[in-house]
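The lines below spell out each chain.
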Amino acid sequence: MAGAAMAVAVTVGLAALGTFDTTPDPNGIPAGSKAFMLALVIAVVVGFAAYAAVEWIQTRRLDSIARQFDTRTIVLIPIAIAINIVLGQAVGTALKLPVYLDSIGTILVGVLAGPIAGAATGLLSNLAWTFLLAGTPFGSPYAWPFAIVAIEIGLLAGLFGYAGVFRSRPSTPWPRLATGIVVGLVVIGALVWYGVVPFYRDLCALRSTPLRLCFQFFVDGPVPVDPLFIAIGVGIAVVLVVAAVAVAVRLLRDRDLGLVFVLVAGVACGVVSAFVAAPIAALVFGGITGSGTDLLVFAFQYAGSDLQLAVLQQSLISDSIDKTASYLVVFAILGALSRRVAGRFPQGERALGTIEA
Amino acid sequence: MALLTRLPPETPTAYHRLNPLTKAVVAMSTTLAALVLGGYLAPALVFATLVVPGAIAAGVLGRVIVVSAAATLPLAVAVALVSVFTRPGSTVLFEFGPFDATLEGADFAARIVLRLFVMASALGLFGLTTAPRAFIADLERRGVSPRVAFALGAVLDTVPSMVARARGVQEAQRSRGLDTEGGLLRRAAGVVPLVGAVVLGALHEVERRSLALDARVFGSGGTRHVLWAPPDTSRERAARWLLAGALLAVVVGTATGTLPRLP
Amino acid sequence: MLTLLAVSYRYPGYRRRAIDGIDLAVGGGEIVGLVGPNEAGKSTLCLVAAGLAPGSIGGAITGEVLVDGVHPTARRGEPVAGRVGIVFADPASQLSGVCGSVFEEVAFGPINLGLPVADTVERTRAALAALGIAALAERAPDRLSGGHTQLVAFAAMLAMRPSLLVLDEPVAELDPDGRRLVGATLRSLAGSGTAILIAEHDLDLLASLCTRLVALDAGRMVFDLPIAAALDDPRLIELGVRRGTSAFVVPS
């Protein structure tokens with residue numbers, strides 16, 4: 001029902017927008033891309049509203065939402081919020097890497113209790129971080145604008161959990177595993193190519209200082225590449241390679257197809273979160289978060305992007321890494337959690353597969 | 001009963017005694033106004049009218065400034081570095097290697113830093129004059145679900161207890177010979193079992209805790225007559241609406257361009 | 001008072017029955033002890049008597065459980081509201097974590113029952129006084145010793161004035177004074193008509209408190225005898241339950 005409503009909304013939205021406008025705006029992004037994203041967001045909201053309305057009309061209650069909030073969830077939420085805050089604070093102040101790791105608790109609640117519970121956790125987490133812990137060393141006056149990002153993260157995690165993305169599938173036979181890996185890479189590749197790369201084109205056309213800076217991939221013709229970009233690129237590449245090797249080893253050792261699902265979902269969540277978070281970061285904070293990601297904003301803005309675009313370019317990289325890492329951490333936690341304990345949460349059985357006695 | 005009057009958190013000054021929602025509305029109005037009204041003058045005015053008097057009345061002005069400066073400083077440095085050297089502009093102040101420092105960049109950075117400082121000070125004033133449990137009790141009295149109130153209240157205990165548990169696990173690991181000193185890589189590798197132990201320990205406790213809560217008839221709905229809640233006055237209520245109305249006017253005025261842009 | 005008729009219970013996702021075919025009655029004013037080796041089903045029986053299984057945990061139950069003639073399982077997802085108090089072994093996990101003082105912690109249950117403030121205050125004071133911890137009223141609950149925390153948890157249940165009190169290894173963290181207090185409180189509760197079911201390894205404590213002793217093994221009831229006969233029963237030793245396992249004796 002919700003799916004149908006969403007599909008209708010998307011179709012109507014696209015029809016209203018006319019053909020996909022590929023003329024690039026001043027930043028080089030096809031105007032159609034942004035409109036498409038907007039239509040997608042509106043479709044999600046409409047779909048959710050339709051779902052809730054139908055349930056209310058049919059049963060006069062909102063059971064599927066209320067069911068996500070039993071006592072176990074209520075006890076879990078503050079623990080998840082604490083995980084968010086403690087980890088986020090530790091990583092933000094201690095490590096200077098392009099990750100935040102402040103939504104692991106939210107994702108955990110989303111998977112175990114459901115999308116609405118996950119969204120509520122995200123909201124309460126940011127509000128608690130800002131208001132309840134204000135004046136303490138753990139408080140942050142800058143957390144509240146990102147509440148909507150946290151809501152989106154919790155929502156997505158809940159939906160992925162509902163779909164069984166986080167199920168461990170060990171000892172998958174090789175042919176299936178290989179197929180899964182290939183499909184996963186294709187999906188990630190498509191996501192990156194259509195959702196991410198367009199925002200990095202034409203980086204060079206904008207600035208005409210004596211020292212022209214470009215990402216060599218996306219420009220034709222010989223252009224000198226700035227050592228700054230090489231350094232940043234190498235740093236990110238090293239992190240990614242190490243992580244990829246670790247994941248690959250785990251994948252080959254356990255033959256767990258679930259790992260592939262989690263990776264794809266993590267990248268998807270990262271891309272979506274980037275789009276939601278970047279405007280907020282740019283508008284409220286001038287694109288700065290005080291973490292290692294600021295270096296990326298520096299680099300992109302130096303290459304000629306305006307603030308909004310530079311923040312988006314940074315977000316797409318760091319949020320993808322951050323959410324993928326977070327999803328992997330949650331996957332590891334769920335794997336270590338006793339099945340009996342996990343199964344008692346509202347969405348636990350669905351998210352982790354049925355329990356054997 | 002005398003004990004009941006001793007249960008609520010202490011309120012040393014009149015500003016402390018204001019209803020938590022009032023103080024929250026002040027904080028959010030300050031923050032949003034500083035955000036919506038750009039420039040230098042407007043955030044400074046907002047700071048001077050909505051933060052400073054309250055801070056002085058509560059006797060926490062010094063602490064508010066220190067706390068806000070501490071929160072703003074790391075971001076200020078980052079904003080300055082990024083905006084000054086990479087934001088496009090025509091007036092070059094000085095050069096640093098291949099980077100040009102522009103006036104426009106400095107101007108942008110200064111405005112952002114000011115805004116962040118005002119935001120931090122508004123919330124800092126709130127945090128230093130409002131006991132979180134009082135805020136939650138007030139919210140519950142206003143109709144927030146007791147379950148939400150519980151989830152928020154439990155955060156206050158869970159954060160420090162999780163840190164304490166992490167220290168305990170760290171001690172146990174150290175006594176078992178796990179290398180906690182050493183290079184970054186080794187320390188990073190040591191973080192994983194630590195985080196895992198803390199998180200899994202907390203998760204396995206959820207079952208027991210929720211049983212204990214259910215046994216005490218938690219979450220079954222119905223009215224709860226709590227032992228204390230912060231008082232509210234009609235004057236404060238009026239002040240809150242006034243402030244909210246003013247904020248709305250500011251937002252609408254800025255959006256429609258009717259409000260003149262201050263420097 | 002508690003009545004169990006041919007009760008069997010399975011935890012969710014498990015095929016084996018944790019308790020099997022239990023018939024048990026605990027009348028008002030009785031103190032019934034529960035012994036048995038580990039995994040015998042003592043804790044499960046306590047949860048079933050309190051209505052938390054299957055009410056809170058889920059799982060499958062057969063047979064009848066009645067507290068004061070009411071089915072705990074008739075209400076969806078809720079134990080018999082306030083009629084049954086249950087005290088667990090681990091003190092810390094029984095605290096709510098949201099109360100700034102011991103007084104509020106103990107008042108948490110009565111407040112949840114919807115009682116007016118005056119009644120809540122009266123019950124809380126009485127519960128604190130009964131356990132000798134009135135001096136702790138304004139202390140923060142998370143700063144207490146394990147023994148004190150357990151007494152607070154006990155008081156929190158007492159404040160709800162349950163007609164059945166179930167205790168699952170309640171004295172593990174308590175020193176001799178604490179155990180003495182608990183024993184005295186249980187006796188006075190029984191005197192005023194509360195039914196009490198207490199699962200314990202400490203046979204000396206049970207010997208001094210209980211009127212009856214029930215032994216479980218692998219989910220089944222081995223015997224249900226008056227205390228004197230139970231203590232002489234040779235099956236007790238087979239179950240691995242012995243006197244003198246505890247150095248602390250509660251004087252009667």
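Everything numeric here is computed off the predicted structure, so don't read it as measured data. (Residues numbered from 1 in each chain as written. Chains lettered and ligands numbered in written order. Predicted model: local features only at pLDDT ≥ 70, side-chain atom pairs only at ≥ 80, totals over all residues. Heavy atoms only, no water.)

Caption draft 1: Quick peek at the overall build of chain B. Per the secondary structure count, chain B includes 10 helices and 2 strands. Sequence-ordered secondary structure for chain B, helices as α and strands as β, is α-α-α-α-α-β-β-α-α-α-α-α. For 263 residues, the compact-globule formula gives about 18 Å, and the C-alpha radius of gyration of chain B, at 24 Å, lies well above that figure. By its C-alpha atoms, chain B is 70 × 60 × 35 Å across when sized along the principal axes. Sequence-distant contacts in chain B: of pairs separated by 6 or more residues, those separated by 24 or more amount to 70%. Summing over all exposed atoms, chain B offers an accessible surface of approximately 12700 Å²; the carbon and sulfur share of this is 68%. Counting 25 positive and 16 negative side-chain charges, chain B places the centres of these two groups 7 Å from one another. (Helix = DSSP H or I, 4+ residues; strand = E, 2+ residues; numbered from the N terminus. Rg over C-alpha atoms; globule rule 2.2 N^0.38 Å. Contact = heavy atoms within 4.5 Å. Areas by Shrake-Rupley, 256 points an atom, 1.4 Å probe, with all protein chains shown as cover. Lys, Arg positive; Asp, Glu negative; His and termini not counted. Charge placed at Lys NZ, Arg CZ, Asp CG, Glu CD.)

Caption draft 2: Representation of the environment of Cys210(C) within the structure. Residue and element names in this part refer to chain C. Structurally, Cys-210 is set in the loop between α7 (203-209) and β8 (212-217). For the pair formed by Cys-210 and Asp-177, sequence separation is 33 residues and the distance between their alpha carbons is 19 Å. Cys-210 has contacts with Ile-31, Val-32, Gly-33, Ile-198 and Ile-227, leaving out every residue within four places of it along the chain.

Caption draft 3: Spotlight on the interface of chain A and chain C. Each partner contributes to the interface: chain A provides 5 residues, whereas chain C provides 7 residues. Overall, the association of chain A and chain C removes approximately 550 Å² of surface from exposure, summing both partners, and the carbon and sulfur fraction of that is 51%. Our count for the contact surface shared by chain A and chain C stands at 0 salt bridges. Summed over the shared surface of chain A and chain C, the result is 1 residue pair in polar contact (both at pLDDT 80 or more). In the side of chain A that touches chain C, the residues fall into 1 nonpolar, no polar and 4 charged. (Buried area = accessible area lost by both parts, 1.4 Å probe. Salt bridge = Lys/Arg side-chain N within 4 Å of Asp/Glu carboxyl O. Polar contact = N/O pair within 3.5 Å; in protein donor to acceptor, adjacent residues only side chain to side chain. Nonpolar A, V, L, I, M, F, W, Y, C, P; charged D, E, K, R; others polar.)

Caption draft 4: Broad picture of the sheet that holds strand β4 (residues 60-67) of chain C. Residues and elements named next belong to chain C. Strand order in the open sheet formed by 3 strands is β2-β1-β4, with antiparallel pairing between adjacent strands. Strand pairing shows two members of the sheet lacking a second neighbour, β2 (19-26) and β4, which therefore form its edges. For this sheet, the mean inter-axis angle between neighbouring strands, taken without regard to orientation, is 15 degrees. Taken together, the 7 bridges between strand β1 (residues 2-10) and β4 define a ladder with antiparallel strand orientation. Of the residues in β4, the one forming a bridge with Leu-2 is Val-67. (Pairing = 2+ DSSP bridges. Axes fitted to C-alpha atoms, helices over the stretch in contact; angles between N-to-C directions.)

Spatial relationships are all this shows, so hold off on functional conclusions.
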